[in-house]
Amino acid sequence: MEIERKQADLIDHYVKQASSLQGSSLPILILEATSNPSLFAFSEILAVPTIAQLEGTGQSVYLNMLRLFAYGTWSDYKKNSASLLQLVPEQVLKLKQLTVLSMAETGKVLPYDQLMQELDVTNVRELEDFLINECMYAGIVRGKLDQLRRCFEVQFAAGRDMRPGQLGNMTHILSSWLATSDNLLLSIQEKIKWADTMSELDKKQKKDYEDKVEEAKKLLSLKLVTLGPQFTLEN
């Protein structure tokens, strides 16, 4: 998809930039990356050694901002705004878009009331405009606006960065799913085998019945021959 190719190109660009920069140049790069209207993944940038080295320095607040955009939501920002940098309008928009993606990870039917609360939107018209213009047109989600049920039905949503430790949990979930799938497959195979056995048994019983009918016909014919041509079934 076009959005995935664009993401990959942007990530590669910022990773290369971050790898070649030091000190005061890194905060500028972080501000640029988190404001870029087409970038929605940040874990690769976080993993760059020069970025990680901001931890514990006077510029660690920029590292925390990058973590917010990688894993957080608009609600997370509001709860911790005192210890974070003030966001510019482009960053506010980006973080709200990312919030929709986070919500789409946990549910495919998003109630309007919940969306309005999480996004600080005051009315349905404003919410629907945001979902259409800033999310669906941006290509990060696809879905249906259901005004009657007051919900957004998600059909597709771009994935967000995985939090540290989330990969292990996901691996556990996938392993459990695989085990369940294996058990289900085994059960299906056993049922197919049982059905094949019953089918063969049914064929055998049908053949036995047909053989007996054929044998009965032959015996009846022999008796008629023995009794002679003057004997009929009417006699």
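To be clear, the structure that these remarks concern was listed above.
Please read all numbers here as calculations on a predicted model, not as lab measurements.

S.K.: Account for the packing of aromatic side chains, with residues named and values stated.
M.R.: Under the counting rule described, the total for this entry stands at two aromatic pairs. Measuring from centroid to centroid gives 6.1 Å for Phe-42 and Phe-69, while their planes differ by 70°, and the two rings are edge-to-face. With a gap of 27 residues between them, Phe-42 in the loop between α2 (25-35) and α3 (43-46) and Phe-69 in helix α5 (residues 60-71) connect regions that are remote in the sequence. Grouping residues by exposure puts Phe-42 and Phe-69 together as buried. Over the ring of Trp-74 we find Lys-96; its NZ or CZ atom is 5.1 Å from the centre of that ring.

S.K.: How would you summarise unusual backbone geometry if you had to cite specific residues and measurements?
M.R.: Of note, Asp-120 is a non-glycine position whose phi angle comes to about 60°, a positive value. Checked against the element boundaries, Asp-120 lands in the loop between α8 (112-119) and α9 (124-136). The backbone phi angle of Arg-150 is positive, close to 55°, even though this residue is not glycine. Structurally, Arg-150 is set in the loop between β2 (141-146) and β3 (151-157).

S.K.: Tell me what's going on with a nonpolar patch on the surface, and back it up with residues and numbers.
M.R.: Residues Leu-184, Ile-188 and Ile-192 make up a contiguous nonpolar surface patch of roughly 280 Å² in combined accessible area. Mapped onto the fold, Ile-192 is located in helix α10 (residues 166-227). By relative accessible area, Ile-192 is classed as partly exposed at 46%.

S.K.: Before we move on, could you go through the side chain of Lys-96 and cite the residues and values that matter?
M.R.: Assignment of secondary structure puts Lys-96 in helix α7 (residues 89-106). We note that Lys-96 is buried and unpaired, the nearest opposite charge coming from Asp-120 at a distance of 5.5 Å. Sequence-distant contacts of Lys-96, that is, excluding residues within four places in its chain, are made with Trp-74, Leu-119, Asp-120 and Phe-130.

S.K.: Describe the nonpolar core, naming the residues involved and giving the relevant values.
M.R.: Across soluble globular proteins, nonpolar side chains have a tendency to be buried as a group. Ile-45, Ile-51 and Leu-115 are the most contacted members of the largest nonpolar core, which has 49 residues in total. Residue contributions to this core peak at seven residues, all from α5. With residues near it in sequence (within four places) discarded, Leu-115 still touches Met-103, Leu-110, Leu-127, Leu-131 and Phe-152.

S.K.: An account of the sheet that holds strand β1 (residues 109-111) is needed here, citing residue identities and associated values.
M.R.: As summarised here, the arrangement of the three strands in space is β1-β3-β2, forming an open sheet in which the pairing is antiparallel. Two strands lie at the open edges of the sheet, namely β1 and β2, each paired on one side alone. Adjacent strand axes in the sheet meet at a mean angle of 30°, parallel and antiparallel pairs treated alike. Note that β2 and β3 share six bridges and pair antiparallel. Within β3, the position partnered with Lys-144 by the bridge is Glu-153. In the packing of α7 onto the sheet, contacts are made with β1, β2 and β3, and the angle to β3 comes to roughly 90°. Of the strands in this sheet, β1, β2 and β3 are in contact with α8, which crosses β1 at around 70°.

Calculation rules
- Residues numbered from 1 in each chain as written.
- Predicted model: local features only at pLDDT ≥ 70, side-chain atom pairs only at ≥ 80, totals over all residues.
- Heavy atoms only, no water.
- Phe/Tyr/Trp six-rings, centres within 6.5 Å; stacked < 30°, edge-to-face > 60°.
- Helix = DSSP H or I, 4+ residues; strand = E, 2+ residues; numbered from the N terminus.
- Buried < 20%, exposed > 50% of the residue type's maximum accessible area, 1.4 Å probe, protein only.
- Lys NZ or Arg CZ within 6 Å of the ring centre and 35° of its normal.
- Patch = residues over 30% accessible without salt bridge, like charges linked within 9 Å, V, L, I, M, F, W, Y side chains within 5 Å.
- Areas by Shrake-Rupley, 256 points an atom, 1.4 Å probe, with all protein chains shown as cover.
- Salt bridge = Lys/Arg side-chain N within 4 Å of Asp/Glu carboxyl O.
- Lys, Arg positive; Asp, Glu negative; His and termini not counted.
- Contact = heavy atoms within 4.5 Å.
- Core = buried A, V, L, I, M, F, W, Y, C linked by side-chain atoms within 4.5 Å.
- Pairing = 2+ DSSP bridges.
- Axes fitted to C-alpha atoms, helices over the stretch in contact; angles between N-to-C directions.

So far we have only geometry, and geometry alone does not tell us how the molecule works.
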